[in-house]
Amino acid sequence: AGEAGGITQHIGAYQIVRKGQTITFIDTPGHEAFTAMRSRGAKVADIAILVVAADDGVKPQTVEAFRIIEAAKIPYIVAINKIDKPTADINRTKQELSTKLNITPEDWGGKIICSPISAKEGTGIEDLLDMVLLLAETEAKNLKANPEAEAAGTVIESNVDKAAGPLATILVQNGTLRVGDQLCFNDVAYGKVKSLKSHKGEDVADAGPSAPVKVLGLKVSPEVGDVLYVGEGEKVKARKMKAGGQVSEIVPVQTDDGGEDATPKVNVIIKSDFLGSAEAIEESLLKLNNEKVKVKIIAKGLGYLTEGDIKRAEDSSAKILGFNVKVPPAVDILAREKQVTVKTFSVIYDLIKYVKEEMQLLVRPEIKRTDLGRIKVLAVFRTESNSQIVGGKVLDGEVMNNTLVEIYRGDGFIASGQLVRLQSGKQDVEAISRDEECGLQYQGKPLIETGDILKVYREERTVDQI
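Definitions and cut-offs
Residues numbered from 1 in each chain as written. Predicted model: local features only at pLDDT ≥ 70, side-chain atom pairs only at ≥ 80, totals over all residues. Heavy atoms only, no water. Pairing = 2+ DSSP bridges. Helix = DSSP H or I, 4+ residues; strand = E, 2+ residues; numbered from the N terminus. Phe/Tyr/Trp six-rings, centres within 6.5 Å; stacked < 30°, edge-to-face > 60°. Buried < 20%, exposed > 50% of the residue type's maximum accessible area, 1.4 Å probe, protein only. Lys NZ or Arg CZ within 6 Å of the ring centre and 35° of its normal. Right-handed = clockwise from strand over helix to strand, strands pointing away.

Asker: I keep staring at the sheet that holds strand β12 (residues 203-204) and nothing clicks. Help me out?
Answerer: Paired through backbone hydrogen bonds, the strands of a sheet run either parallel or antiparallel to each other. Reading across the sheet, the eight strands line up as β10-β9-β15-β6-β7-β14-β11-β12 and stay open at both edges, with antiparallel pairing between neighbours. In this open sheet, the two edge strands, each paired with only one partner strand, are β10 (188-192) and β12. The pairing of strand β11 (residues 195-197) with β12 spans two bridges and is antiparallel. Residue pairing across strands places lysine 197 opposite aspartate 203, the latter belonging to β12.

Have a look at this one:
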């Protein structure tokens, strides 16, 4: 409820104690936008819980999450949630699990534990935790770590704090991480641990295997998914502080344009509070690409918007999309001066919807031509500056009023215009059939002569919805 839009938009890790044993939960968002974040969640987890709503059943994101679990080759439990809802149907949900995902529940003779729960009411939660401990016990031989070793852990979130600088949430997977340890990645020292905070925000002196901790003291922000380890490495200089103390990192994004690709594009620059969010947004936007219009991500970064971002956007004709970040007044004024579009969002659905709308505006309409019939001109009755009234006979097809006309003389095209009035026997009509004579008013350059052939057709403009 505390998240914008009432949805989980960041990845986090939390711990509970059940029957004297600690369980660490990696909370990964369920919306399809967060494939990258969910993938990392599966990679650092020992056990997965696939959550399926009892009222909705198996949805595309359920299938996607299950594929990630399968690829990670980790044991899993199914939690059938929202059993408190009047429309909940546990048996139907199990049926869909069986038919769509080939998951056979234990009570149906299979091997997969399916625990009915209500997150809202708390029903079944303790049973679910017991099932997690039971599965962990059966998998004990595969779940081992050495608390005496040098620490190594995976970054599950990364962001830049105005006061504290680069921060990272790390899930320790082996060893014990302590205050004062130097963390490295690819033989580069990212900084010494100044302090460690638990998932509750409390200071801790160390963190053992499976403990999630927020690390303060890094000189640079690691990437989500990086495995940091304690050791010696090449020193790196801290990035300069910008925008009144706010660290702002931005990196160009390499996208394949296909060389001389003439497809219309919406250019965007992404600035977000967390690196995981920036990656999820990037992945979601690139999924919108199609053969008619594309989104091109010029760059992505963390922190407040800066004047440098405005300059980059101006140079590349890009729109700046801010996600849970602020726009300093001076930057806002510069954006208005340079006529750079800056949009900020707190819910990812809204950001994606905005970009889709901007892409839709660039979709070129398709024009479909339908030939209706031909008229042979028998007489020219009146010629004015931009119109003519002529008489003729329909050679084939059916000629209709308010359509388009092409003039042909012999085999040569002369001009084109519009048929704006159609008569038969001095009566206005909407259509004239083959072999019938008619009078018509032609609007366009007055070039029609007796003996010309008028090709009558209709055009329909359609715009595909992306």
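So that's the structure; there's more coming.
Asker: Help me understand the packing of aromatic side chains in this model?
Answerer: Overall, the coordinates contain four aromatic pairs when judged by the stated rule. Seen from their ring centres, phenylalanine 185 and tyrosine 190 are 6.1 Å apart, and the 75° between their planes marks the pair as edge-to-face. Each ring, one from phenylalanine 345 and one from tyrosine 354, has its centre 5.8 Å from the other, and the planes form 45°; the classification is tilted. Judged by relative accessible area, phenylalanine 345 falls into the buried class, the value being 13%. Owing to a relative accessible area of 12%, tyrosine 354 belongs among the buried residues under this scheme. The ring of tyrosine 408 has lysine 455 sitting right over it, with the charged end atom 4.4 Å from the ring centre.

Asker: So what exactly am I meant to see when it comes to the pairing of strand β4 (residues 76-81) here?
Answerer: The buried count for β4 comes to six of six residues, which makes it a mostly enclosed element. The alternating pattern of β4 places Tyr76, Val78 and Ile80 on one face and Ile77, Ala79 and Asn81 on the opposite face, and all of these are buried. Relative to β4, strand β3 (residues 48-53) runs parallel, the two sharing six bridges. Note that in β4 the partner of alanine 53 across the bridge is asparagine 81. A crossover connection joins β3 to the parallel β4 through helix α2 (residues 60-72); in handedness this β-α-β unit is right-handed. The pairing of β4 with strand β5 (residues 114-116) spans three bridges and is parallel. For valine 78, the partnering residue across the bridge sits in β5 and is cysteine 114.

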